[in-house]
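Residue-level structure breakdown
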Amino acid sequence: MIEKSYKKDEWQGALAKLAKESRVIAPVNGGTHSVFKTLEEGDVPDFKSSKTRLSPKSVVFPQSERMFEYSLDEESEENGILKEAKKDYAEKFVAGIRPCDARSFKLVQVNFDTPTYKDPWWINNYESTTFIGQACNKACSTCFCTSTGGSPFGEEGLDVVTVDMGDSFLVKSVTDKGEKLLNTIGGGADATDDMKTKVAELEKAAVASVKSEIKTDNLKELKETDLFEADFWKDTFDGCINCGGCTFSCPTCWCFDIQDEVQKKEGDRIRNWDSCMFPLFTKHGMGHNPRDQKFQRIRQRFMHKLKYYPDKYDKGIMCVGCGRCVEVCPANIDIRRVAELMNNYSK
Amino acid sequence: MEKEMQEWQPKIVAFLCNWCTYGAADLAGVNRLQYPPNFKVIRVPCSGRISPKLILAAFRNGADGVWISGCHPGDCHYIEGNMYARRRFTLFRSLFKHIGIDERRLHFSWISAAEGIKFAEVANDIVKTVKEVGPAKQLIKEKAQVA
Amino acid sequence: MVNYTDKIRETAKRLLNDGTVDTFIGYRKGSLPFVNNPAIIHNAEEADELVWDSNCALNLCNYLTNRTDKIGVLATGCNSRNIAMHLKENKIKREQLVIVGVPCTGMVDHRAVKGMVDGEILEVTEAGEEITVKGDDFEKTFKTADVLQTNCQTCAHRNPVIFDELVADEVPELDGVNQYADVEAVEAQSDEEKWQNFENIFESCIRCYACRNACPLCYCPTCFVDESKPQWVGKSTDPTDTMTFHFLRAFHMAGRCTDCGACERACPVDIPLRYLTKKLNKDAKDIYDYESGTNVEDKALLDTYKPTDLNDFIR
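Residues numbered from 1 in each chain as written. Chains lettered and ligands numbered in written order. Predicted model: local features only at pLDDT ≥ 70, side-chain atom pairs only at ≥ 80, totals over all residues. Heavy atoms only, no water.

Remarks on the interface of chain C and chain A
- Every contact between the two is made by 34 residues of chain C and, on the other side, 37 residues of chain A.
- Counting the surface lost from both chain C and chain A, the interface buries some 2800 Å², and carbon and sulfur atoms represent 52% of this.
- Scanning the region where chain C abuts chain A turns up 2 salt bridges.
- When the shortest N-O distance is used, the salt bridge between Asp136 of chain C and Lys138 of chain A registers 2.4 Å.
- On the surface where chain C and chain A come into contact, there are 15 residue pairs in polar contact (both at pLDDT 80 or more).
- Among the elements of the structure, strand 1 (23-32), strand 2 (35-41) and helix 7 (210-214) of chain C are those that each provide at least two residues to the side of chain C that touches chain A.
- Its residues assigned to classes, the side of chain C that touches chain A shows 15 nonpolar, 10 polar and 9 charged. (Contact = heavy atoms within 4.5 Å. Buried area = accessible area lost by both parts, 1.4 Å probe. Salt bridge = Lys/Arg side-chain N within 4 Å of Asp/Glu carboxyl O. Polar contact = N/O pair within 3.5 Å; in protein donor to acceptor, adjacent residues only side chain to side chain. Helix = DSSP H or I, 4+ residues; strand = E, 2+ residues; numbered from the N terminus. Nonpolar A, V, L, I, M, F, W, Y, C, P; charged D, E, K, R; others polar.)

In structure tokens:
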């Protein structure tokens, strides 16, 4: 395990150097908010803003991704053959990812990497990425990671952890991949005991700064069908406009739709993020839609996140407490309120 | 002739209303009036059927220009279809210009079934104009730019 | 505007209690600064949760479409114009509605305010004509009129155009405001610049359709984006598809948009969506002397015609 300290500009310089040879993806502030993007010449990573507007799940699970290609040219010998689209899975690095987002990949992995089905695009992308995390010294008012099994200084899903100590970063490897990276980067100075103490204090303060919380202790006990039939679903969330903003900003939402696009004689099979908030999500080929009413879709989303997932996988709720859905929702549908209603429900 | 075949030829989609302009096109043909072959003609029942979706679909598929033509106002086979269309076209053209696409790619005309000569003249002029603008570069849907 | 809250609660209680309405649509206080929760309440006890402030920016008319009950709904100037459009387009019947007019002095642009402070805003309070934001280590007060949403800064109809009762006295309309200064600036640009604007503005779109869903006038049972036979627009984040979607959606607003700003408010990635609809609204005014939704009797802009309509661009 390597534990070093780097002056801030030395660390930025190391990342910039890395960005010249490989893809480095980090939060970049575009004016009103930050998003994860591949660092290009001149881009300055934003390690100060608390959280990016959209989660970094698009690094491993792009919003629109070509899966297959095919030709419909009858003269061609490749006519009608689905070929896997060529991808570049060269090692890439994500820097400045927060512990909640890093942990989200572990929660989502159970869906894409199962004993029976393996999603090669997700898995290849995930395994070729090294995650350099940044611990959160201070939580936002909408963060509640500690209620979901995470922590502002959590290491789950990270290969390297960095802690902002003011004028320098403490950089620690968590996995072999991380160690390999730090060996490549080199430089820095050995972390002193003083620094380690300071980091421990910062961690304590960070955990204490998480003011928002949800209780989920009762969710497992409740009967699924009882919770499903609860009255509060019918009208508490009437303000929802079914826009999909929550699902698209959420690091643990994973639904997608596959579509073929044909331009003249060439076709692509593309997958795009889909949202259970969209009415079209469950529309059947014959026209029937089992969730054509708004409250059914809202119920589905929160039952999936807070009941079906924990029941099925026993890894806690399908939420890392990042608070993005709370901030993005134009109608102020707050998962913390929903969790409270669900957890406190009794028949 | 060879030079013409080698230089770039614009592809123009022509939405012609069945009752008037399509008849004019027929008349132009019957009278052996010369007009360029750069048009892909789509016959619609009325200019009022033209929706912005259709025009954008033409550009998305690589059209360099779009020509929409119908009956003269007052003479519409469906009485007033072209009247509604006129307002739609006005606003569409304005928004199209607002996003920075050369307005010389979009053409509108009222040509009655008796105006074969006018049809050929307008057709000639449109091809000339679109040639000046050059190949389309905007709003063309090619292979999806995705990961 | 914060002093409207009591009157609103009282009105809602009265209408629900005496059975004039089955449902009342207003806002509850949000769990975050700068956002309120649209509330569709059915009994008078819930009326105590209703509030009004300068963050009631999501358009409540969105929730009216195709309802069959008797509804009391709060409506500012722009929202009331949306109701007029709804009535024109047969999405609701006048007899079903009790329109509770709210003379509006504008909604706060939360993005602008957040950009003016350093740190997370934890609390927002309004008093009189000022708005105060507080964070862990800062407190700043602004004149509300200085931090309004861009559409509210040039509002042409602060007072409701159609209503059954008002919760307050009418407010003076804005004077000497050039509603379309931004559109004029774009009109003066070259084609290349305009195209670059268009590309840049919609580059960050994530196709969540929040703009469409927040818009009260986007109520097609099947949106053109979801049509598959034929498919007009691809569903991926391909830039041509995204630009096609926004262009067509804006065009569907031609002569209907009331510039309420709900689309911009709802967008999770802060896109200035009114870039296209503003142009169409200006055209409607300049070419046809038309403003959407100012009354219920006139036909919608594209639902009518004059023999003297502009014709000079048609050969």
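Description of the sheet that holds strand 6 (residues 92-97) of chain A
Residue and element names in this part refer to chain A.
- Spatial ordering of the open sheet is given by 3-2-6-7-8-9-1-10, a layout of 8 strands whose pairing is mixed. Each edge of the open sheet is held by one strand with a lone partner, namely strand 3 (34-38) and strand 10 (189-190).
- Pairing geometry for strand 1 (residues 3-7) and strand 10, over 2 bridges, is antiparallel. Residue pairing in the sheet places Lys4 in a bridge with Asp190 of strand 10.
- Sheet strands in contact with helix 3 (residues 99-112) are strand 6 and strand 7 (129-134), and its direction is about 135° off that of strand 6. (Pairing = 2+ DSSP bridges. Axes fitted to C-alpha atoms, helices over the stretch in contact; angles between N-to-C directions.)

Remarks on the packing of helix 3 (residues 52-60) of chain B against helix 4 (residues 81-98) of chain B
Residue and element names in this part refer to chain B.
- Remark: helix 3 packs on helix 4, axes separated minimally by 11 Å, with the N-to-C direction vectors making an angle of 40°. By the angle between their axes, helix 3 is oblique relative to helix 4. Relative to helix 4, helix 3 is oriented so that their crossing is right-handed. Contacts from Pro52, Ile55, Leu56 and Phe59 in helix 3 reach Arg88, Phe92 and Phe96 in helix 4.
- Looking at the contact of helix 3 with helix 4 residue by residue, the classes come out as 6 nonpolar, no polar and 1 charged. (Parallel < 35°, antiparallel > 145°, perpendicular 65-115°, else oblique. Left-handed = near helix turned anticlockwise from the far one by under 90°.)

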